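Residue strings, one per chain:
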Amino acid sequence: MTRDGLGEVDRPTVSFELYPPRNPDAAPKLWATIQALGEARPDFVSVTYGASGKTRDTTRGLVRRLLRETSLNPIAHLTCVGASRAEITAVVEEFLDVGVRSFLALRGDPPVHEVGWRPHPEGMGTAAELVGLLREIEARRCADSPAQQVRATVRPLSVAVAAFPRGNAGAGSTREQDIAALLAKQAAGADFAITQVFYDAASYLELVALARDAGVTIPIIPGIIPATDPARLLRVEALTGVPVPRDLLALLTSFDDEPSRHRAGIRASVELVNRVLDGGAPGVHVYTFNTHHAALDLLEGAHLGGGARPGSRPGQPAADHGIVHHQSQGA
Ligand code: FAD
């Protein structure tokens, strides 16, 4: 393990995905969750964005609040499907104006049930084009203002993209097509990728190996769901097309009591995290579904993040608790 100039131990990154509250009543609960997740000292938290832009205001509102009221580093998801370049440009400008410097650039999925839906005639067809647009807008703002240029030097724009361990079943594409798309996103200026959910380490490790062979050099962070709630896993399966292994579902549903199911799900997820980290993953991005218990239990089990509390490993000095000890961890 190395130390950086601030004396911080080099450790895998930890990050969380949140979604904006669906109604104002949910906001206080979400805020309590965010404070609890903050204990893990995440490297960033990402905030989702509706495919048709319908969460434009709530995503921006949450990201702005995170910027103003916390020390967390928010990444705003952004989708481009169904909108014109001019509309997307306006959204990007709004986000930049409130101080957002990190984006997750996505195409988003066209609405499946909307009769007569057509792509916008002046829109963008791929996430790679959105990455290019973000870089273009930032370059223009810097060219127009020396002050902006200084700020951009101090806080550079970062652009993340999505990657798909077994192809994107939701979009009907194979892993090979998605690796070609990932290469195009990198060429357009993407800095790193976050993967879709997966349940076996091999699918992530194979994706990384194939992507490297194809010339992808950017870090690829595995996206992990704490697998504690079988009903949620099935909803995610319906949404993403990523099948939940039937033996995992059978295990989870074999328990009559919630605490036992939770522990079994966390054990399975810790095992997955340990395997991808042992295989060289740069960190983990946890899909939280706006709750913190499972996410923090997963991190604690894998001894990741600032949440790895002193005393969580017997005999380990407190200063060491940010280091990943996954290799010595059983499932
Ligand atoms: P693209 O990379 O543009 O891919 C779209 C399709 O075009 C794919 O089939 C791809 O294979 C093909 N393609 C693109 N470029 C090429 C190329 N050069 N060569 C060959 N084929 C190509 N959706 C939301 O609505 N809101 C969110 O906040 C959101 N967050 C997400 C976060 C993560 C981490 C992930 C993994 C997904 C998220 N999604 C979200 C879902 C995502 O928008 C959909 O999965 C969408 O179908 C694909 O988006 P993309 O950015 O990968 O698109």
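Refer to the preceding data block for the structure.
Residues numbered from 1 in each chain as written. Predicted model: local features only at pLDDT ≥ 70, side-chain atom pairs only at ≥ 80, totals over all residues. Heavy atoms only, no water.

Q: Could you clarify how one ought to interpret the site of the ligand in this entry?
A: Around the ligand, 27 residues are found, and the nearest of them are Y49, H77, D109, A127 and K185. One of the backbone N or O atoms of A51 is found 3.4 Å from an oxygen atom in the ligand. Interatomic distance of 2.9 Å between a side-chain N/O atom of K185 and an oxygen atom of the ligand. Protein burial of the ligand: of its 980 Å² of free accessible surface, 82% is covered by the chains. The element best represented in the shell around the ligand is helix 6 (residues 175-188), accounting for 6 residues. (Near = heavy atom within 4 Å. Polar contact = N/O pair within 3.5 Å; in protein donor to acceptor, adjacent residues only side chain to side chain. Areas by Shrake-Rupley, 256 points an atom, 1.4 Å probe, with all protein chains shown as cover. Helix = DSSP H or I, 4+ residues; strand = E, 2+ residues; numbered from the N terminus.)

Q: Quick question: what am I supposed to make of the environment of G189 here?
A: Here G189 lies in the loop between helix 6 and strand 6 (192-197). As for G189 and V131, which are separated by 58 residues in sequence, their C-alpha atoms are 6.3 Å apart.

Q: What should I look at first to understand the pattern of salt bridges in this one?
A: If charged atoms from side chains of opposite charge come close, those side chains can pair. Taken as a whole and assessed by the stated rule, the structure comprises 16 salt bridges. The partner of R246 in a salt bridge is E237, and the shortest N-O contact between them spans 2.9 Å. Where R275 meets E271, a salt bridge forms, and the shortest distance between an N and an O atom there is 2.8 Å. One end of the pair, R275, and the other, E271, are both in helix 10 (residues 258-278), 4 residues apart, so they sit about a helical turn from each other. Taken together, the salt bridges that share partners define one network made up of R56, D57, R60 and E94. (Salt bridge = Lys/Arg side-chain N within 4 Å of Asp/Glu carboxyl O.)

Q: Can you help me understand the environment of P12 in this one?
A: In this structure, P12 sits in the segment before strand 1 (13-18). Here P12 falls in the buried class, since its relative accessible area comes to 11%. Spatially, the C-alpha atoms of P12 and G305 are 7.9 Å apart, while their sequence positions differ by 293 residues. (Buried < 20%, exposed > 50% of the residue type's maximum accessible area, 1.4 Å probe, protein only.)

Q: Even after reading the chapter, I still don't get the environment of S84, so can you show me in this structure?
A: Within the secondary structure, S84 is located in the loop between strand 3 (74-79) and helix 3 (85-97). Counting along the chain gives 38 residues from S84 to E122, while the straight-line C-alpha distance between them is 4.9 Å. When near neighbours in sequence (up to four residues on either side) are disregarded, S84 contacts H120, E122 and G123. (Contact = heavy atoms within 4.5 Å.)

Q: Where do I start with helix 3 in this structure?
A: The periodicity of an α-helix, 3.6 residues per turn, causes residues three or four positions apart to be oriented the same way. Here helix 3 is 13 residues long and its end C-alpha atoms lie 18 Å apart, about the 18 Å a rise of 1.5 Å per residue gives. Of the residues making up helix 3, those classed as buried are I88, T89, V91, V92, E93, F95 and L96. (Expected span 1.5 Å × (residues − 1).)

Q: Quick question: what am I supposed to make of the packing of aromatic side chains here?
A: Each aromatic ring pair is characterised by the separation of its centres together with the angle its planes make. One pass over the structure, following the stated rule, counts 4 aromatic pairs. Centroid distance Y49 to F95: 6.4 Å. Interplanar angle 65°. Geometry classified as edge-to-face. Taken together, the positions of Y49 in the loop between strand 2 (44-47) and helix 2 (56-69) and F95 in helix 3 put the pair 46 residues apart, joining distant regions of the chain. Residue Y49 is classed as buried on the basis of its relative accessible area, which comes to 10%. Relative to F103, the ring of F95 has its centre 6.0 Å away and its plane inclined at 75°; by these criteria the two rings are edge-to-face. Assigned by exposure class, F95 and F103 land together as buried. Aromatic ring contacts, followed pair by pair, group Y49, F95 and F103 into a single cluster. Taking the ring centre of Y19 as reference, the NZ or CZ of R22 above it sits at 4.7 Å. (Phe/Tyr/Trp six-rings, centres within 6.5 Å; stacked < 30°, edge-to-face > 60°. Lys NZ or Arg CZ within 6 Å of the ring centre and 35° of its normal.)

Q: Sorry if this is basic, but what is going on with unusual backbone geometry here?
A: For residues that are not glycine, phi is negative in most cases, and the peptide bond is trans in most cases. One non-glycine residue with positive phi stands out, namely F289, at about 55°. Among the structural elements, F289 can be located in the loop between strand 8 (283-287) and helix 11 (293-301).

Q: It is not clear to me how the packing of helix 6 against helix 7 (residues 201-214) should be interpreted in this structure. Could you clarify?
A: In helix packing, the relevant descriptors are the interaxial angle and the interaxial distance, both defined with respect to the helix axes. Two elements in contact, helix 6 and helix 7, have axes separated by 10 Å at closest approach and are oriented at 55°. Taken as axis vectors, helix 6 and helix 7 run oblique relative to one another. For helix 6 against helix 7, the interelement crossing comes out right-handed. Side by side, helix 6 and helix 7 meet where R175, E176, I179, L182 and L183 of the first sit next to S203, E206, L207, L210, A211 and A214 of the second. When grouped by side-chain class, the residues that make up the contact of helix 6 with helix 7 number 7 nonpolar, 1 polar and 3 charged. (Axes fitted to C-alpha atoms, helices over the stretch in contact; angles between N-to-C directions. Parallel < 35°, antiparallel > 145°, perpendicular 65-115°, else oblique. Left-handed = near helix turned anticlockwise from the far one by under 90°. Nonpolar A, V, L, I, M, F, W, Y, C, P; charged D, E, K, R; others polar.)

Q: Mind showing me how you'd approach the packing of helix 2 against helix 3 here?
A: One can describe the packing of helix 2 onto helix 3 by two numbers: an axis separation of 10 Å at closest approach and a directional angle of 20°. Between helix 2 and helix 3, the interaxial angle falls into the category roughly parallel. Note on packing geometry: the crossing formed by helix 2 with helix 3 is right-handed. Contacts between helix 2 and helix 3 involve R56, T59 and R60 on the former and, on the latter, A90, V91, E94 and F95. Across the contact of helix 2 with helix 3, the residue classes break down as 3 nonpolar, 1 polar and 3 charged.

Q: Got a minute to help me understand the sheet that holds strand 5 (residues 158-163) in this structure?
A: Hydrogen bonding along the main chain pairs the strands of a sheet, whether they run parallel or antiparallel. One closed barrel accounts for 8 strands, arranged 1-2-3-4-5-6-7-8; its pairing is parallel. Geometrically, the sheet is characterised by an average inter-axis angle of 30° between neighbouring strands, direction not taken into account. Alignment of strand 2 against strand 3, held across 3 bridges, turns out to be parallel. Paired with V47 across the two strands is A76, which belongs to strand 3. (Pairing = 2+ DSSP bridges.)

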